[in-house]
Amino acid sequence: MLPARYVEDLDRGVVAIRNASGNAYVGWRLLGTDDPAVAFNVYRAYGTATPVKRNATPLAASTNYLDTGVSFTTDVTYFVRPVINNVEQGDSKRFTLPANAPIRQYLNVPLQIPAGGTTPSGEAYTYNANDTSVGDLDGDGDYEFVVKWDPSNSKDNSQSGYTGNTCLDAYTLEGARLWRIDLGVNIRAGAHYTQFTVYDLDSDGRAEVVMRTAPGTIDGVGHNVILGTDNPATDYRNTSGYNITSPEYLTVFDGTTGAARVTVPYLPNRGSVTEWGDNYGNRVDRLLMAVAYLDGVHPSLVLGRGIFGPQSGYTARNELTAWDYNGSNLTMRWWFKAGSTLNPTYVGQGVYNMVPADVDGDGKDEIIYGAMAIDDNGAPLYSTGRGHGDALHVSDMDPARPGLEVFMPQETTSIGDHRASILRDARTGQLLAAPSVSASDIAAGTYPDVGRGVAADIDPNHLGYEFWDSYSPDIYDAQGAALYPKPSNMFTNFVVWWDGDLSRELLDGTTISEWNNPGRSNFDLDPATAGTQQFALNASSNNGTKSTPSLTADVFGDWREEVIWRRTDNTALEIFTTGIVANNRLYTLMQDTQYREAVAWQNVGYNQPPHPSFFLGVGMVAQTPPNIVLAKVTTAVSNLQAEAAVPDGGTVIESTNPGFNETGYANFPTTGGSLTWNLIDGGGGGASTIRIRYALGGGVSRTARLIVNGVSSGITFANTGSFTTWANLPINVTLNPGRNNTLRIESTGQDAGNVDQIELVTRLDSVKPVLASGAFDVNAHSLRLVFSEDVGTSLSTADFMISGPGGEVVPTALGFDLATSTATLTLPIVLPSGVFTLAAAAASITDFAGNSLAAPIALNFSFLRGDANVDGIVGFDDLLIVAQNYGRATGTLFSEGDFNYDGQIDFDDLLVIAQQYGATLLTSTALPVRSRRRTQIPLPA
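Keep in mind the model is a prediction, meaning the values are calculated, not measured.

Moving on to the overall build of the chain. When helices and strands are tallied, the chain shows 4 helices and 67 strands. Looking at the 941 residues of the chain, the share that counts as buried comes to 59%. Across the chain, the fraction of contacts at a sequence separation of at least 24, relative to all contacts at a separation of at least 6, is 64%. Total accessible area computed for the chain in this model is approximately 33600 Å², and 50% of it derives from carbon and sulfur atoms.

What follows covers the nonpolar core. Looking at soluble globular proteins, one finds that nonpolar side chains tend to be buried together. Counting residues in hydrophobic clusters, the biggest one holds 65 residues, and the most contacted among them are Trp28, Tyr78, Leu97, Met590 and Leu616. In terms of nonpolar packing, the next biggest core, distinct from the first, is built from 61 residues, Leu250, Val291, Ile307 and Tyr382 among them.

Here we come to the packing of aromatic side chains. Per the counting criterion, the structure on display carries 18 aromatic pairs. With centroids separated by 5.2 Å and ring planes inclined at 5°, the aromatic side chains of Tyr43 and Phe79 adopt a geometry described as stacked. Placement of Tyr43 in strand 4 (residues 39–46) and of Phe79 in strand 7 (residues 76–84) is noted, with a sequence separation of 36 residues between them. Residue classification places Tyr43 among the buried residues on the basis of a relative accessible area of 9%. With 5.8 Å between their ring centres and 85° between their planes, Tyr125 and Tyr127 make a pair best called edge-to-face. Considered together, Tyr125 and Tyr127 belong to a single accessibility category, that of buried residues. Each member of the aromatic cluster is reached from another via a ring pair, and the members are Tyr106, Trp565 and Phe576. The residue whose ring lies beneath Arg188 is Tyr242, and the NZ or CZ to ring-centre distance is 4.2 Å.

All right, on to helix 2 (residues 593–601) then. With 9 of 9 residues buried, helix 2 is to be regarded as a mostly interior element. When helix 2 is considered as a whole, its buried residues turn out to be Thr593, Gln594, Tyr595, Arg596, Glu597, Ala598, Val599, Ala600 and Trp601.

A few words now on the layout of surface pockets. Estimates place the volume of the second largest pocket at around 990 Å³. Along its surface, the second largest pocket is lined by 39 residues, and Asp358, Leu404, Asp592, Ser613 and Phe614 are the ones closest to its centre. Each residue belonging to the lining of the second largest pocket can be placed in one class, and the counts come to 18 nonpolar, 12 polar and 9 charged.

This part covers the sheet that holds strand 21 (residues 287–292). If you trace the 4 strands from one edge of the open sheet to the other, you get 21-22-23-24, paired in antiparallel fashion. Strand pairing shows two members of the sheet lacking a second neighbour, strand 21 and strand 24 (330–338), which therefore form its edges. Put simply, the sheet's adjacent strands are angled 20° from each other on average, direction ignored. Where strand 21 and strand 22 (residues 300–305) come together, 6 bridges link them in antiparallel fashion. Each residue of the ladder has a partner; that of Val291, found in strand 22, is Leu301.

Put simply, Leu267 and Pro268 share a cis peptide bond, and its omega is 10°. Tracing the chain through its elements places Pro268 in the loop between strand 20 (260–265) and strand 21. For Asn86, which is not a glycine, the phi torsion comes out positive at approximately 65°. Positive phi, normally seen in glycine, also occurs at Asn100, with a value near 60°. You can see Asn100 is positioned in the loop between strand 9 (95–97) and strand 10 (106–110).

Moving on: the pairing of strand 18 (residues 208–213). Most of strand 18 sits inside the fold, with 6 of its 6 residues counted as buried. The sheet contact formed by strand 17 (residues 196–199) and strand 18 spans 4 bridges and is antiparallel. Note that in strand 18 the partner of Val198 across the bridge is Val209. Bridge count between strand 18 and strand 19 (residues 249–254): 6 bridges; the pairing is antiparallel. Residue pairing for strand 19: Arg212 is matched across the bridge by Leu250.

Opposite charge on two side chains permits pairing when their charged atoms draw close. Taken as a whole and assessed by the stated rule, the structure comprises 40 salt bridges. Here Asp425 ties to Arg401 by a salt bridge, and the two come within 2.6 Å at their closest N and O atoms. With Asp425 in strand 31 (residues 421–425) and Arg401 in the loop between strand 29 (393–395) and strand 30 (405–409), the pair connects residues that are 24 residues apart, well separated along the chain. Linking Asp558 and Arg560 is a salt bridge whose minimum nitrogen-to-oxygen distance equals 3.0 Å. Arg560 carries the same exposure label as Asp558, and that label is buried.

In this section: the side chain of Arg188. Among the secondary structure elements, Arg188 is positioned in the loop between strand 16 (177–182) and strand 17. Put simply, Arg188 is tucked away with no salt bridge, and the nearest opposite charge, on Asp285, sits 7.3 Å away. A polar side-chain atom of Arg188 sits 2.7 Å from the main-chain carbonyl oxygen of Gln159. Polar side-chain contacts of Arg188 include one of 2.6 Å to the side chain of Tyr193.

Here we come to the sheet that holds strand 20. Strand order in this open sheet of 4 strands is 17-18-19-20, and the pairing throughout is antiparallel. Every interior strand has two partners, whereas the edge strands, strand 17 and strand 20, have only one. Adjacent strand axes in the sheet meet at a mean angle of 20°, parallel and antiparallel pairs treated alike. Strand direction decides the pairing type here: strand 19 and strand 20, joined by 5 bridges, are antiparallel. Bridging across to strand 20, Val252 finds its partner in Val262.

On to the environment of Arg596. Tracing the backbone shows Arg596 in helix 2. We classify Arg596 as buried; its relative accessible area is 2%. Contacts of Arg596, omitting those with residues within four sequence positions, involve Glu8, Val134, Gly135, Tyr143, Val198, Tyr199, Leu589 and Met590. A distance of 3.0 Å separates a polar atom in the side chain of Arg596 from the backbone oxygen of Val134.

This brings us to the pairing of strand 26 (residues 366–369). Burial along strand 26 is two-sided: Glu366 and Ile368 and Ile367 and Tyr369, pointing in opposite directions, are all buried. The pairing of strand 25 (residues 355–357) with strand 26 spans 3 bridges and is antiparallel. Note on strand 26: the bridge partner recorded for Ala357 is Glu366. Bridge count between strand 26 and strand 27 (residues 372–374): 3 bridges; the pairing is antiparallel. Counted as the bridge partner of Ile367 is Ile374 from strand 27.

Here we come to the environment of Thr577. When you line up the elements, Thr577 lands in the loop between strand 44 (572–576) and helix 2. As for Thr577 and Val15, which are separated by 562 residues in sequence, their C-alpha atoms are 8.7 Å apart. If near-sequence neighbours (up to four positions away) are discounted, Thr577 is found in contact with Val15, Ile17, Gln105, Trp498, Phe556 and Glu562. In this structure the side chain of Thr577 is engaged in a polar contact, spanning 2.8 Å, whose partner is the side chain of Glu562.

As a further point, take the confidence of the model for the chain. Looking at the chain, the pLDDT average stands at 82 and 78% of residues meet or exceed 70. Scored below 50 in pLDDT, residues 883–896 shows 44 contacts in the model against residues more than four places distant or in partner chains. Long-range and interchain partners of residues 917–941, a stretch whose pLDDT sits below 50, account for 70 contacts in this model, where long-range means more than four residues apart.

Here Thr588 lies in the loop between strand 44 and helix 2. Those residues in contact with Thr588 that sit more than four places away from it in its chain are Arg29, Leu30, Leu31 and Asp554.

Let's shift gears to the environment of Arg693. Tracing the backbone through its elements, the reader meets Arg693 in strand 51 (residues 686–695). Each C-alpha atom, one on Arg693 and one on Phe660, is 8.7 Å from the other, the two residues being 33 residues apart in sequence. In contact with Arg693, other than residues within four places in its own chain, are Gly659, Phe660, Asn661, Trp726, Ala727, Asn728, Asn754, Val755, Asp756 and Gln757. A distance of 3.0 Å separates a polar atom in the side chain of Arg693 from the backbone oxygen of Gly659.

Calculation notes
Here the residue numbers are simple positions, counted from 1 along each chain's written sequence. Residues qualify for local features only when their pLDDT is at least 70, as the model is predicted, and side-chain atom pairs are given and counted only at 80 or more; totals for whole chains, interfaces and linings, by contrast, use all residues. For the side-chain quantities, the full set of heavy atoms in the structure was used; hydrogens and water were omitted. Only DSSP runs of H or I reaching four residues or more are called helices, and only runs of E reaching two or more are called strands; each is numbered from the N terminus. Three exposure classes are used, based on accessible area relative to the maximum for each residue type with a 1.4 Å probe and protein chains only: buried under 20%, partly exposed in between, and exposed over 50%. Contacts: residue pairs with any heavy atoms within 4.5 Å of one another. For the area figures, the Shrake-Rupley method with a 1.4 Å probe applies, and any residue is considered shielded solely by the protein chains shown. To qualify as a nonpolar core, a set must consist of buried Ala, Val, Leu, Ile, Met, Phe, Trp, Tyr and Cys residues joined through side-chain atoms within 4.5 Å. Within 6.5 Å between ring centres, the rings of Phe, Tyr and Trp (the latter by its six-membered ring) count as paired, and their orientation is classed by plane angle as stacked under 30 degrees, edge-to-face over 60, tilted in between. Each ring is checked for a lysine NZ or an arginine CZ that lies within 6 Å of its centre and within 35 degrees of its normal; such an atom marks a charge sitting over the ring. Grid spacing is 1 Å over the protein atoms alone, the probe is 1.4 Å, and a cavity is where that probe fits but cannot get out, while a pocket is an open set with protein on both sides within 12 Å along at least five of seven lines and lining residues have an atom within 4 Å of a point. Grid points are joined across faces, edges and corners, and a volume is the space filled by probe spheres set on the points. Residue type decides the class: Asp, Glu, Lys and Arg count as charged, Ala, Val, Leu, Ile, Met, Phe, Trp, Tyr, Cys and Pro as nonpolar, and the leftover types, Gly among them, as polar. Two strands qualify as a pair provided that DSSP identifies no fewer than 2 bridges between them. The axes used here are C-alpha line fits, helices contributing only the stretch in contact, and every angle between their N-to-C directions lies in the interval 0 to 180 degrees. Salt bridges are counted wherever a side-chain nitrogen of Lys or Arg sits within 4 Å of a carboxyl oxygen of Asp or Glu. Charged residues are defined narrowly, with Lys and Arg counted positive, Asp and Glu counted negative, and His plus the chain ends left uncounted. Whenever two N or O atoms come within 3.5 Å, that pair is a polar contact, provided that in protein one can donate a hydrogen and the other can accept it, and provided that, for residues adjacent in sequence, both atoms are side-chain atoms. Residue-level confidence of the predictor is summarised by pLDDT, bounded by 0 at the bottom and 100 at the top.

Here you go:
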């Protein structure tokens, strides 16, 4: 079996919309780790009333439900409970529709529009919300939204002129802005310059944001992103508005705070601009970015530069680099180069995005780079030689043949056999089907630029995908047979899974349309104007004639996709979700890694719809559960109730306005009031997230002060519409380890919202970094191990094993307490010369002189049968220590007991836990020095 891939640890993604006067549609996720036989119960609660189950029997055929007879005069809350073997499990997160919720199919995410500006040439510009991506930035199981702000004077690479700065914001679903990054004047604004990726690259349970940066970039906490002696104030633009001389960086930003974590020189670098096909900066900055599982387990970042062949008088290059991020460092994995003398047949084959996919079935992703493909190790796989195109689709389009297929419209149709678009085998590049350019165009030499094309299963009468392009006269099946004349109004930009069947629908601009053999009808997204409004109300598409949404993805609810458009006035994102009940269920598409990767690269270049790694359509076989491991964040969530805090200065605890949790909420005076929580447990300390639950009527926002351990900051309570409508205000804070924290809210002249509680998400432990395994040479050194990961206070001891060619050296069990993010442990032993393997939780090894010993290092915890916390008893505490070492929360995942049902709690129970949570067990061996059995359990990377 192929190794499992690390993916986000998503929650149920419960969502509800009011889609009729007395009806609510409810959807939720089937997770890739669910028992295949799981069913669900749906619960509804009015206000603070006791929840009531809505379904008569557990729902096993779908993950959506239409709740009828709903009163919307008060808050309506929904959640689900899984049912396994007739036993009901715990509650999912809750989703609340506020009292008097409008009849609409979208969720509104308020945005904060950046201020416009003026270019050096005197041109004024404003901002539009443009491409959007999603990621679990804070590790709580649901998605946040990263929005690119596009200045109104953004340019294609071929166009001269200054542009305004590109900015990126991060927002919660409630509309709280987490941070803003300003890329500065030296990153030109346009679809080909400002690629950004949102993904959990180090598999620690929290997504990072990655971008090309330059001097002048300001991160989310207000710091310059800069390397060496570069000057952040230098403007490298020439009088044509191009920047072809500045330093280029690749930066990983913290998803929660927007702070720059690590910055390295950007590769592939420009070098000489003329080597990319022209002399003014058009082709050198055709940039691509994607995420791929190149080792089959961990996500890597892949960068591409160059997609065109040479113009007359110039050479051209296409280059790709692959990068690994381990939480602290970016390391290049490989660099593929193609030019006039190296891999020349791979030059000029690119399109405006690249698609990672496992085309050969070895569990590792290859890179489909337009008309060519690169192997997972960076080696050339094949080039079709058919040249550049504008669109690219990769999936299992023909379930009747093995493997994946690639569909690509051709811009350079004069090459070879004059095909307008190509369907090919993804592994070999073999031509499978292709409509030809018309004989009259070939005779006249007027070869078309086929700019758009789509592949999707839109017709239930033919197995597999259909495909069509903007030039060819017909719609074709997966074998290339013409099915129908293509309607003159056929959409060729995007597709989306929207209605209740397995076929995909057409999407263009703000209209979703059903293919209807061969006519089509539009879905009405605005129930208030049914029959007349055939587009999303008050929404706009992006990117000119491409008419693309900000994003399509399976963001929440069941497996069908949401469509995110910007509100026409840019004040909000409108996240449209289907309200059509489906009688099928699939695992969430976001845990199919090819689909999830596609969501991450969707904003790159010319936006394209995401496709999964398997055939999804009418006639599909039963879905296989995805082979995944959850990248969990070890956190604790606690609710600090207002009535448990200390009120002062006129603050009172009330219970007048309904909707609060527990027994009351705090009402502040206009000024001088305070509410203080003392002795708050910060877990392992460090960066944490709090969510202040509050209500605020009166029509205006109010400011207040938050003081965390003496550090003061201003906070703003946005108006929630009424004092009975409750919302969450998320804030990033820094906490001390242990029960040594004080949180305080003070009113400062504008009153404050009525505060119900503070939800505190604290970090207990971090997932260990990805480091290589191997051996190192030890020449009579004493060893010092430096722990550079925050492993929390829960880890207390370890038994370090050092094995060599002459046997094994095992020091006495060493006790240590890592209460801080950095600690040093000295091993009081001297080893003979030779090559040894160390198994320990260490990030680096140095000798006493401060010299690093040769890497790489094997970082496997070696657990001895027996007592893990050196208290003399082999008990459940030992199992918890092991669980914590592997980054697993103990509060909800484990309970005391015998895991292998042999009647005693012992080391074998530890192995059962390890197996259940994704650790691979190595073969047990008898060791020559200490005659006791050892089993090595590699750390999840």
